[in-house]
Amino acid sequence: QVQLVESGGGLVQAGGSLRLSCAASGRTFSSYAMGWFRQAPGKEREFVAAISWSGISTYYADSVKGRFTISRDIAKNTVYLQMNSLKPEDTAVYYCAADKRRVGDWPGYYGMDYWGKGTLVTVSS
């Protein structure tokens, strides 16, 4: 059974940092791009960041560029999202995803091959 399991969410003050992890199991994801989406209360799910299967290419939403960094450990089948300088508007449930699309094609596309169940990030002002 293929699973993507997120962890690392929590409550943090504005300006603080969190690191999210997404551990994949059930198959190898070495040929898949992996990434993150988020959904705030009352809003649609939106793209955050993605990283290619090799880890060489990354792509970010403009709203997080310069503050968030995505990385992956292929051997551990894990992808990370380091979130710095957090803002209250970053509050959302963050979802991990895996898909074979190029990272530049992720924004606006939601038919990912695999999804995690999400982890809640709350940023207080």
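Our subject is the structure that appears above.
Residues numbered from 1 in each chain as written. Predicted model: local features only at pLDDT ≥ 70, side-chain atom pairs only at ≥ 80, totals over all residues. Heavy atoms only, no water.

Draft legend 1. Here's a closer look at unusual backbone geometry. Positive phi values are uncommon outside glycine, yet Asn 77 reaches one of about 55 degrees. Take Asn 77: it is sitting in the loop between β7 (68-73) and β8 (78-83). With a relative accessible area of 14%, Asn 77 lands in the buried category. Residue Ser 85 is not a glycine yet carries a positive backbone phi of 50 degrees. Tracing the backbone through its elements, the reader meets Ser 85 in the loop between β8 and β9 (92-99). (Helix = DSSP H or I, 4+ residues; strand = E, 2+ residues; numbered from the N terminus. Buried < 20%, exposed > 50% of the residue type's maximum accessible area, 1.4 Å probe, protein only.)

Draft legend 2. Quick look at the sheet that holds β7. The antiparallel open sheet is built from four strands, whose spatial order is β1-β3-β8-β7. Only two strands of the sheet have a single partner each, and these edge strands are β1 (3-7) and β7. Put simply, the sheet's adjacent strands are angled 15 degrees from each other on average, direction ignored. Relative to β8, β7 runs antiparallel, the two being bridged by six bridges. Bridge pairing in β8 links Asp 73 to Thr 78. (Pairing = 2+ DSSP bridges. Axes fitted to C-alpha atoms, helices over the stretch in contact; angles between N-to-C directions.)

Draft legend 3. How the structure looks around the nonpolar core. The biggest cluster of nonpolar side chains holds 37 residues, and the ones touching the most others in it are Met 34, Trp 36, Leu 81, Met 83 and Tyr 94. Put simply, the parts of the chain that give this core at least two residues each are β3 (18-25), β4 (33-39), β5 (46-51), β7, β8, β9 and β11 (119-124). (Core = buried A, V, L, I, M, F, W, Y, C linked by side-chain atoms within 4.5 Å.)

Draft legend 4. Geometry of the pairing of β4. A large share of β4 lies buried, amounting to six of its seven residues. Pairing of β4 with β9, which is carried by seven bridges, proceeds in the antiparallel orientation. If you follow Gln 39 over to β9, its bridge partner there is Val 93. In terms of strand pairing, β4 meets β5 through five bridges, oriented antiparallel.

Draft legend 5. The arrangement of the packing of aromatic side chains in detail. In total, this model carries eight aromatic pairs according to the counting rule given. Between Phe 29 and Tyr 114, the ring centres sit 5.4 Å apart and the planes meet at 80 degrees, which makes this aromatic pair edge-to-face. In this pair, Phe 29 sits in the loop between β3 and β4 while Tyr 114 sits in strand β10 (residues 114-115), placing the two residues 85 residues apart along the sequence. Given the relative accessible area of 0%, Phe 29 is considered buried. (Phe/Tyr/Trp six-rings, centres within 6.5 Å; stacked < 30°, edge-to-face > 60°.)

Draft legend 6. Quick peek at the pattern of salt bridges. All chains considered together, the criterion is met by five salt bridges. In this structure, the salt-bridge partner of Asp 62 is Lys 65, at a minimum N-O distance of 3.0 Å. Judged by relative accessible area, which is 66%, Asp 62 ranks as exposed. A salt bridge links Arg 102 to Asp 105; the shortest N-O distance between them is 3.3 Å. Here Arg 102 falls in the exposed class, since its relative accessible area comes to 61%. Judged by relative accessible area, which is 31%, Asp 105 ranks as partly exposed. (Salt bridge = Lys/Arg side-chain N within 4 Å of Asp/Glu carboxyl O.)

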